[in-house]
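Inside the fold
Read off the chains here:
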Amino acid sequence: MSRIEIASVSKTYDNGVAALKPITVDIAAGSFVVLLGPSGAGKSTLLRTLNGLETPSTGEVRIDGEVLGRANLRAMRARIGMVFQQFNLVGRLNVMTNVLCGRLGKRSGLGSLFFLMRRSDLERGHAVLARVGLTDKAWERADRLSGGQQQRVGIGRALAQEPAVLLADEPVSNLDPATSREIMDLISDICRRDGVTTIVSLHQVELARRYADRVIGLNDGNVVFDGPVGDLTEEVLRRIYGDGEDGGEYGGEYGAEYGGEDEGGHGGDVADA
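So, here's what we can say about the structure. (Residues numbered from 1 in each chain as written. Predicted model: local features only at pLDDT ≥ 70, side-chain atom pairs only at ≥ 80, totals over all residues. Heavy atoms only, no water.)

**Focus on helix α1 (residues 43–50)**
Which entries qualify depends on this criterion: Relative accessibility decides the category of a residue: with a 1.4 Å probe and only protein chains considered, values under 20% of the type maximum give buried, values over 50% give exposed, and everything between is partly exposed. Numbering of helices and strands runs from the N terminus; a helix is a DSSP stretch of H or I covering at least four residues, while a strand is a stretch of E covering at least two.
In terms of burial, α1 is largely enclosed, as 7 of its 8 residues are buried. Taken together, the buried positions of α1 are occupied by Lys-43, Ser-44, Thr-45, Leu-46, Leu-47, Thr-49 and Leu-50. Gly-52 occupies a position one or two residues after α1 and carries a positive phi of about 85°.

**Here's the deal with the sheet that holds strand β6 (residues 80–83)**
Think of a sheet as strands paired side by side through backbone hydrogen bonds, with each pair either parallel or antiparallel. What counts here: Two strands pair if DSSP finds at least two bridges between them. Interaxial angles span 0 to 180 degrees and are taken between N-to-C directions of axes, which are lines fitted to C-alpha atoms, for helices over the stretch in contact.
If you walk across this open sheet you meet the 6 strands as β6-β7-β8-β3-β9-β10, and the pairing is mixed. Across the chains shown, the open sheet's two edge strands, defined by having one partner strand only, are β6 and β10 (222–228). Each neighbouring strand pair of the sheet contributes to a mean axis angle of 15°, computed without reference to strand direction. Pairing of strand β7 (residues 165–169) with strand β8 (residues 197–202) involves 5 bridges; the strand directions are parallel. Residue pairing in the sheet places Ala-168 in a bridge with Val-200 of β8.

**Here's the deal with the side chain of Gln-85**
Put simply, the test is: Counting of polar contacts relies on pairs of N or O atoms within 3.5 Å, with two restrictions inside protein: one atom must be capable of donating a hydrogen and the other of accepting it, and residues adjacent in sequence are counted only when both atoms are side-chain atoms.
As for its placement among the helices and strands, Gln-85 is situated in the loop between β6 and α3 (95–100). Within the structure, Gln-85 has its side chain in polar contact with the side chain of Ser-173 (distance 2.7 Å).

**Points about the packing of helix α6 (residues 147–160) against helix α7 (residues 177–194)**
To keep it simple, the criterion reads: Note on angle classes: values under 35 degrees are labelled roughly parallel, values over 145 roughly antiparallel, values of 65 to 115 roughly perpendicular, and the remainder oblique. Handedness of a crossing follows from how the near helix is turned relative to the far one, being left-handed for an anticlockwise turn of less than a right angle and right-handed for a clockwise one. Whether two residues are in contact is decided by their heavy atoms, any of which lying within 4.5 Å being enough. Each residue gets one label: Ala, Val, Leu, Ile, Met, Phe, Trp, Tyr, Cys and Pro are nonpolar, Asp, Glu, Lys and Arg are charged, and the others, such as Gly, are polar.
The contact between α6 and α7 brings their axes to 10 Å, and the two run at 15°. On the basis of their axis angle, the class for α6 and α7 is roughly parallel. Crossing of α6 over α7 shows right-handed handedness. Residues Gly-148, Gln-151, Arg-152, Ile-155 and Leu-159 of α6 pack against Thr-179, Glu-182, Ile-183, Leu-186, Ile-187, Ile-190 and Asp-194 of α7. Residues that form the contact of α6 with α7 fall into these classes: 6 nonpolar, 3 polar and 3 charged.

Worth remembering: the numbers are spatial, not functional.
Have a look at this one:
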């Protein structure tokens, strides 16, 4: 289990857009945290900053007391699993190969370049596929799977890293309600059973209430709420979402229960399990 410290982290892009205002948050090891907020609130930017895909303009990220920086980026990323909204699989490759991509950070630079895997990696791959319920799909092309199955492959790839931290950026926004719950059940099980510190960005308030220990609400790059899920009242939701003009979860009795746009404003298609 790993503790995450976000110390006065901000992010301003070259075009002058301030995606994150200075944020200071301490996330306990083994906890399940949900980021809530309207599109453009800074959820994706914060997650990308936590795994080094973005460099903070100010402040620093510490994992177990170690500052995430350029010098240790590869080693730190090997400890951080990432699940993406759009799955980010190599469609022409089979499921096993996509999962084993999660092992590349544990190989040498040469081993990663030539995709040199050990027998132990393959054994790990089989164990991961059993965990995500895709044993029978191991040698199928990833692009032939349904959306829910592809997201399971994405989770499997993250699990193959044996991560101490799991980050998930809108992992169910492209999925139907039943599949969304299955994916969230799986992510929650990884957090609870494996003790993996987990941070998930969501639009769906109902899912946050069902799975989170703690909710961090973002609006316009600021933390406007940080507390236990039981404190997620109507007043707090108005603070996070305003009057629902985002058209997402809060608008009209929190809008549609599932679905929503990513921070770039692009909605996802509904996919079957």
